Amino acid sequence: MENPFQLWVYLSATPLLWLTVTVLAWLAADWIARASNRHPLVNPVMIAIAIVAGLLALTGTPYRLYFEGAQFVHFLLGPATVALAVPMFSHSRTVRRNLLPMIAALLAGALTAIASAIGIAAAFGVPHQVLVSLAPKSVTAAIAMGISEGLGGEPALTAVLVITTGILGAVMMTPLMNVLKVRDPAARGFAVGLASHGIGTAQAFTVDPVAGTFAGIAMGLNAVASAFLVPAVFRLIAG
Amino acid sequence: MLKALGILLVCQLAGETLVRLVHWPVPGPVMGLMLLAAGLFGAARFGWFLPETIGETDLGRTSAALLGALGILFVPAGAGVVQHFGLIMSHGAALGLALVGSTVLTLVVTAAVFVGVRRLIDKASA
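If you're wondering where the values come from, they're calculated on a predicted model, not measured in any experiment.

## Some words on the overall build of chain B
Argument step 1. Helix and strand counts for chain B come out as six helices and zero strands.
Argument step 2. Secondary structure elements of chain B occur, N-terminal to C-terminal, as α-α-α-α-α-α.
Argument step 3. What you see for chain B is a C-alpha radius of gyration of 21 Å, clearly larger than the 14 Å of a compact globule of 126 residues, by over 25%.
Argument step 4. Seen through its principal axes, chain B has C-alpha atoms that stretch 60 × 50 × 35 Å.
Argument step 5. Taken across its 126 residues, chain B has 40% of its residues classed as buried.
Argument step 6. A fraction of 31% describes how many contacts in chain B between residues 6 or more apart in sequence connect residues 24 or more apart.

## Details of the overall build of chain A
Argument step 1. Scanning chain A from terminus to terminus reveals 13 helices and zero strands.
Argument step 2. The helix and strand sequence of chain A, counted from the amino end, reads α-α-α-α-α-α-α-α-α-α-α-α-α.
Argument step 3. Its C-alpha atoms give chain A a radius of gyration of 20 Å, near enough to 18 Å, the size a compact globule of 239 residues would have.
Argument step 4. Here the C-alpha coordinates of chain A stretch approximately 65 × 40 × 30 Å along the principal axes.
Argument step 5. Residue burial in chain A is summarised as follows: out of 239 residues, 54% are buried.
Argument step 6. Here the contacts in chain A between residues at least 6 apart in sequence split such that 61% fall between residues at least 24 apart.

## Concerning unusual backbone geometry
Argument step 1. With a phi angle near 35°, A:H197 is a residue other than glycine that sits in the positive phi range.
Argument step 2. By the element assignment, A:H197 lies in helix α12 (residues 185–207).
Argument step 3. With 31 C-beta atoms counted inside 10 Å, the residue A:H197 sits in the buried group.
Argument step 4. Non-glycine residue B:H23 carries a positive phi angle of around 55°.
Argument step 5. Here B:H23 shows up in the loop between α1 (2–22) and α2 (28–45).
Argument step 6. Given 6 C-beta atoms within a 10 Å radius, B:H23 is considered exposed.

## A short note on the packing of helix α10 (residues 141–150) of chain A against helix α11 (residues 155–180) of chain A
Residue and element names in this part refer to chain A.
Argument step 1. Close contact between α10 and α11 brings their axes to 9 Å; oriented N to C, the two are set at 140°. Relative to α11, α10 is oriented oblique. In this structure, α10 meets α11 at a crossing whose hand is right-handed. Listed contacts from α11 to A141, A144, M145, S148 and E149 of α10 are P155, T158, A159, V162 and I163.
Argument step 2. In the contact of α10 with α11, the residues fall into seven nonpolar, two polar and one charged.

## Focus: the interface of chain B and chain A
Argument step 1. Tallying the contact residues gives 67 residues for chain B and 90 residues for chain A.
Argument step 2. Those elements giving two or more residues to the side of chain B that touches chain A turn out to be α1, α2, α3 (58–68), α4 (75–81), α5 (86–89) and α6 (93–125) of chain B.
Argument step 3. Take the side of chain B that touches chain A: its biggest share by element is 23 residues, from α6(B).
Argument step 4. Looking at side-chain class alone, the side of chain B that touches chain A contains 49 nonpolar, 17 polar and one charged residues.

## Thoughts on the nonpolar core
Side chains of nonpolar character tend, in soluble globular proteins, to be buried together.
Argument step 1. Counting residues in each nonpolar core, the largest one holds 118 residues, and the members touching the most others are A:A48, A:F190 and B:V75.
Argument step 2. For A:A48, the contacting residues outside a window of four places in its chain are A:A25, A:W26, A:A29, B:I72 and B:V75.

## Some remarks on the packing of helix α2 (residues 15–35) of chain A against helix α4 (residues 63–75) of chain A
All names here are of chain A.
Argument step 1. Relative to each other, α2 and α4 sit at 55°, their axes nearing to 7 Å. One element, α2, and the other, α4, form an angle in the oblique class. Taken as a pair, α2 and α4 cross one another with a handedness that is right-handed. Contact residues: P15, L16, L17, W18, L19 and T22 in α2; Y66, E68, G69, A70, F72 and V73 in α4.
Argument step 2. For the contact of α2 with α4, the residue count by class is nine nonpolar, two polar and one charged.

## Things to note about the environment of A:M145
All names here are of chain A.
Argument step 1. Counting through the fold element by element, M145 comes out in helix α10.
Argument step 2. The exposure class assigned to M145 is buried, which follows from the 21 C-beta atoms found within 10 Å.
Argument step 3. Considered as a pair, M145 and R188 are 43 residues apart in the sequence and their alpha carbons are 26 Å apart.
Argument step 4. Each residue touching M145, except ones within four places of it in the same chain, is listed here: P155, T158 and A159.

## A short note on α10(A)
Argument step 1. The complete set of buried residues in α10(A) reads A:A141, A:I143, A:A144, A:M145, A:I147 and A:S148.
Argument step 2. Buried positions along α10(A) lie against α9 (128–134), α11 and α13 (209–238) of chain A together with α4 of chain B.
Argument step 3. Residue A:G152 follows α10(A) closely and has a positive phi angle near 90°.

## Examining α4(A)
Argument step 1. Within α4(A), the axis deviates most sharply at A:G69, by approximately 55°.
Argument step 2. Among the residues of α4(A), A:Y66, A:G69, A:A70 and A:V73 are the ones counted as buried.
Argument step 3. Contacts made by the buried residues of α4(A) are with α2 and α3 (44–59) of chain A together with α4 of chain B.

## A short note on the environment of B:T17
All names here are of chain B.
Argument step 1. Inspection of the secondary structure assignment puts T17 in helix α1.
Argument step 2. Judged by the 13 C-beta atoms lying within 10 Å of it, T17 falls in the partly exposed class.
Argument step 3. Along the chain, T17 and L99 lie 82 residues apart, while their C-alpha atoms are 35 Å from each other.

Calculation criteria
Residues numbered from 1 in each chain as written. Chains lettered and ligands numbered in written order. Predicted model: local features only at pLDDT ≥ 70, side-chain atom pairs only at ≥ 80, totals over all residues. Helix = DSSP H or I, 4+ residues; strand = E, 2+ residues; numbered from the N terminus. Rg over C-alpha atoms; globule rule 2.2 N^0.38 Å. Buried ≥ 20, exposed ≤ 12 C-beta atoms within 10 Å, placed from the backbone. Contact = placed C-beta atoms within 7 Å. Axes fitted to C-alpha atoms, helices over the stretch in contact; angles between N-to-C directions. Parallel < 35°, antiparallel > 145°, perpendicular 65-115°, else oblique. Left-handed = near helix turned anticlockwise from the far one by under 90°. Nonpolar A, V, L, I, M, F, W, Y, C, P; charged D, E, K, R; others polar. Core = buried A, V, L, I, M, F, W, Y, C linked by C-beta atoms within 7 Å. Bend = angle between axes of the 7 residues up to and from the residue.

Structure representation (structure tokens):
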């Protein structure tokens, strides 16, 4: 290693650098969020994504190279999803007590998420293929992309819409629920998990463990419900 | 921590295997979640795990740590996705409006129905 450029060439090609960047970006974003006293508009997921995307653009690093390091973080999404069973178990009494509200809110919420997105976009003349990509925007990314692809949509566009919806819901949840005077953490969590999948669930866990638990349940239920409802809504429109 | 990670990974692996065997439209980790939940409720019958004390076990602490840092897990995928942000822009303001409007409506309707049904039940049982 005679010069800094060679050191950069070496380091930028190892997983270590981009794994470290991901962790440091998150620590910085979380520090900013805490410094704002966890103001709902200061969303750490959004800030960390902006920092990483900015660094990738600045250094001209291809995403594939970045992901070789970041995949170790990305991989933990699977075990974290399984881990949602633990708060569901420890709050099982509250969960059981709210079974009926959850079923009603799931059906109403899932249909609202699909129909309102299609309705607003169609009113502005958005073409059918884009409507299909938009409809599952409240569903967790992997399943949303599958739903969209199955109906002839564009999975990459769906992924952008899903992540954006996740951040929007996480940011809007607390101010909106304060205006509506909804104080029950179960109701708050269920709403943000249904509207904004994992990113909403992450936000809910930073606010309250019960909210996080219900957000996780709503995310899972909405994924299953939407896998049936999105194709059904489009059949209804076509018929 | 490693014991807990082992439990989580075994459940995920079993979930992935099961959904592929029976061709269910559920992602492997979600099936893993259901398997772990079933296991916990089963274990509770023998008094191995209790809802009140699971937080103090290795599994409880590891899960809490993982879920407390849930946000960072979306950063790698999110950083890839913003590179395609132009896809939204190419459809003008319509998609932006649809996302904001639909997210507000979904949050309001879901929370309102949840709270409304909760009140109906409480009133009926009072």
